[in-house]
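Results of the structural survey
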Amino acid sequence: MKQRLKILFAASEAVPFAKTGGLADVAGALPRALAALGHEVALVLPRYYAIDRSRLEHLPGPLGVPMGPLGTLWAGIWRGVLPGSDLPVYFVDYEAFFGRSGLYTDADGFSYGDNDRRFIFFSKAVLELALRLDFRPDILHANDWHTALLPLLLRTRYGDREEFGPTASVLTIHNLQHQGHFQKGAVDWMEVGWEHFNPRELEAMDGVNLLKGGIAHADAVTTVSRRYAGEIRTPEFGFGLDGHIRAHEHKLFGILNGVDYDEWNPATDPYIARNYDIGEMEGKAVCKADLQKRFGLVPREEIPLVGFVGRFAEQKGIGLIAGAIERLMHLDIQIVMLGTGERWAEGFFREIARRHPDRFACHVGYSDELAHRIEAGSDLFLMPSLFEPCGLNQIYSLRYGTLPVVRATGGLDDTIVNYDPATKEGNGFKFHDATPEALYHTLKWAAETFRYEKEAYRTMQKRAMEARFGWERSAEGYEDIYLHAYYARRAGRHR
Ligand code: ADP
Ligand code: GLC
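Quick caveat: nothing in here was measured; it's all calculated off a predicted structure.

Let us look at the site of ligand 1. In the vicinity of ligand 1 lie 20 residues, with Lys19, Gly22, Arg311, Lys316 and Gly365 positioned nearest. Serine 367 has a polar backbone atom sitting 3.1 Å from a nitrogen atom of ligand 1. In this structure, asparagine 393 approaches ligand 1 through a side-chain N or O atom, which is 3.3 Å from an oxygen atom. Compared with its free state, where it exposes 560 Å², ligand 1 has 93% of that area covered by protein.

Given below as structure tokens:
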């Protein structure tokens, strides 16, 4: 540790409390890794309906959160700890906003109509809570659009609070597609001053864009792989914000996510049929047979079994899989999919499973247990994403000796090295074109390698299982950025 920092980490989801995707994995692991480096860290989350209060400690007195014309709203505050650490986690409890089954959407997948109020409220509650606890952060770390208002709040509504005088803000973009775009009336609830509603700060297409405001005002902006940090400066990946990002690129950094190997480790994984590791791989065959049985596939050991776990969203390349599936069904392979999301995809893949019950199976739903079983039981793991800021499943797959088949984009490109038949180097299989043909040919090649080049496959598998993407290295990357932002702010050189 170079210097002990006080870090307030705000996110809309974190493992093990609430999760819809990789943001939760990161928000549950990075604070712990920072604490392990010696920093003082506190995590703040909304108290969603599913988070059980009975194991939490209620802090006395409600917390007043000013919301402009809505007046002051009063929240309850609960405290817990992040498992495996003594790091405090604070939950902001406000039933009318967070006492719902979904985090951001209702059961039909539609965004809640008051998401602007919900997360403006949450962001303000984070700062009010810090004042209440007299937690004077050196670093305020916001994540994605939900908490992207924090850097601007820090400089406006809370700008004259001496408790936040030295506080530098860091905003991490986990996914640029989701920007928090709302009607401009939301500025009134923010109480940041209408002068910040302009095209260089909050304004976009006559509405407010929370992520845009955060990028403008954070002392440092990070994203979750180096490759993605480059990609989002281009119109192809910028989702309309590439120009804005280029204007702030001097403070943009890419830091690859890590993996929590306490959770994703075939040697200790409690969910899988039989544990295994390098040098004792018999368990992997047991996991494969178990997966085939569970999904009603013929339990054949020599057939390449391909797994997919992820949100059924265009981002994840489900359109490419759908486009290639009929041809893939003519190969002697099996495919197992786990996911939920777009309705057309859920229906489409269920129908494929009905037509090809011997080689295709799909579980529509969310299941941690099945995700682990698929990682362990598959031979190949498919991630044909159109864009992928980091991607975690391909890194989990490496540890499980399940070679990834990926599209060369973002974090997938940074973590997977294409198999080279001449040198036998590599840890997976990659394609570039976002077409069903490219996916088909690459998956076919990977399946043939598994089947007919057993030595090469095993060498790659061993290499994949030996590689480590621990959080410690990532945490050190954040530490450098924190220190840089912190000193720049103290010296008044932040903008
Ligand atoms: P993203 O955050 O874009 O969804 P990541 O690869 O970073 O993608 O992280 C996804 C995380 O969510 C992984 O931990 C993955 O295992 C998990 N996940 C996604 N869909 C499901 C599902 N249907 N069931 C269980 N876990 C899932
Ligand atoms: C996002 C991205 C994913 C990344 C995750 C965690 O949801 O889509 O690529 O791994 O955030 O940073």
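There's more to say after this.
A few words now on the environment of leucine 291. Along the chain, leucine 291 falls in helix 10 (residues 282-294). Sequence separation between leucine 291 and tyrosine 452 is 161 residues, and the spatial gap between their C-alpha atoms is 22 Å. Setting aside anything within four residues of it in sequence, one finds leucine 291 in contact with Leu305, Arg373, Ile374, Gly377 and Ser378.

Take the side chain of asparagine 257 next. Inspection of the secondary structure puts asparagine 257 in the loop between strand 13 (252-254) and helix 10. The class of asparagine 257 is buried, set by a relative accessible area of 5%. Once you skip the residues sitting within four places of it in the chain, asparagine 257 turns out to touch Val26, Val224, Cys390, Leu392, Ile395, Trp471 and Ser474.

Let us look at the packing of helix 1 (residues 22-36) against helix 18 (residues 471-490). For the pair helix 1 and helix 18, interaxial distance at closest approach is 9 Å and the crossing angle is 75 degrees. Overall, the two elements helix 1 and helix 18 adopt an arrangement that is roughly perpendicular. The segment helix 1 lies against helix 18, with Val26, Ala29, Leu30, Ala33 and Leu34 engaging Trp471, Ala475, Tyr478 and Tyr482. Classifying every residue of the contact of helix 1 with helix 18 by side-chain character gives 9 nonpolar, no polar and no charged.

Counting 101 residues, the largest nonpolar core has Phe121 and Met190 as its most contacted members. With 10 residues, helix 3 (residues 115-133) is the largest single contributor of residues to this core. Here phenylalanine 121 is in contact with Val65, Met67, Leu73, Ala75, Val92, Tyr94, Phe97 and Phe98, once residues within four sequence places are set aside. In terms of nonpolar packing, the next biggest core, distinct from the first, is built from 71 residues, Phe308, Phe312, Leu320 and Leu403 among them.

Sheet strands pair via backbone hydrogen bonds, and the direction of the pair is either parallel or antiparallel. The 3 strands are arranged 9-11-10 in an open sheet whose pairing can be described as antiparallel. This sheet does not close on itself; its edge strands, each paired only once, are strand 9 (181-183) and strand 10 (203-204). Bridge count between strand 10 and strand 11 (residues 207-209): 2 bridges; the pairing is antiparallel. Among the inter-strand pairings, glutamate 203 is bridged to a residue of strand 11, identified as valine 208. The strands touched by helix 6 (residues 210-217) are strand 9, strand 10 and strand 11; relative to strand 11, the strand with the most contacts, the crossing angle is about 50 degrees.

So, on to the domain arrangement of the protein chain. A common measure of how large an interface is: the accessible area buried when the components associate. Domains assigned within the protein chain are domain 1 (6-258 + 472-490) and domain 2 (282-468). A C-alpha centroid distance of 33 Å is found between domain 1 and domain 2. Listed by partner, the interface residues are 22 residues for domain 1 and 20 residues for domain 2. Summed over both partners, the interface of domain 1 with domain 2 comes to about 1,500 Å²; 52% of that surface belongs to carbon and sulfur atoms. Counting across the domain 1 and domain 2 interface gives 1 salt bridge.

Lining the immediate surroundings of ligand 2 are 14 residues, of which His174, Asn257, Glu388, Cys390 and Gly391 lie closest. Take proline 389: an N or O atom from its main chain is 3.4 Å from an oxygen atom of ligand 2. Here an oxygen atom of ligand 2 sits 3.0 Å away from a polar atom, N or O, in the main chain of cysteine 390. Considering ligand 2 on its own, with 310 Å² of exposed area, one finds that the protein chains cover 93% of that surface. For the shell around ligand 2, a count of residues per class yields 6 nonpolar, 6 polar and 2 charged. Three or more residues apiece are contributed to the shell around ligand 2 by two domains, here domain 1 (6-258 + 472-490) and domain 2 (282-468).

Cis rather than trans, the peptide bond between valine 15 and proline 16 has omega equal to 5 degrees. If you trace the backbone, proline 16 turns up in the loop between strand 1 (6-10) and helix 1. Positive phi, close to 60 degrees, is recorded for aspartate 144, a residue that is not glycine. The phi dihedral of aspartate 206 is positive, around 60 degrees, even though this residue is not glycine. Its location among the elements puts aspartate 206 in the loop between strand 10 and strand 11. Residue aspartate 206 is classed as partly exposed on the basis of its relative accessible area of 48%.

Cut-offs used in this document
Residues numbered from 1 in each chain as written. Chains lettered and ligands numbered in written order. Predicted model: local features only at pLDDT ≥ 70, side-chain atom pairs only at ≥ 80, totals over all residues. Heavy atoms only, no water. Near = heavy atom within 4 Å. Polar contact = N/O pair within 3.5 Å; in protein donor to acceptor, adjacent residues only side chain to side chain. Areas by Shrake-Rupley, 256 points an atom, 1.4 Å probe, with all protein chains shown as cover. Helix = DSSP H or I, 4+ residues; strand = E, 2+ residues; numbered from the N terminus. Contact = heavy atoms within 4.5 Å. Buried < 20%, exposed > 50% of the residue type's maximum accessible area, 1.4 Å probe, protein only. Axes fitted to C-alpha atoms, helices over the stretch in contact; angles between N-to-C directions. Parallel < 35°, antiparallel > 145°, perpendicular 65-115°, else oblique. Nonpolar A, V, L, I, M, F, W, Y, C, P; charged D, E, K, R; others polar. Core = buried A, V, L, I, M, F, W, Y, C linked by side-chain atoms within 4.5 Å. Pairing = 2+ DSSP bridges. Domains from an automatic or database assignment. Buried area = accessible area lost by both parts, 1.4 Å probe. Salt bridge = Lys/Arg side-chain N within 4 Å of Asp/Glu carboxyl O.

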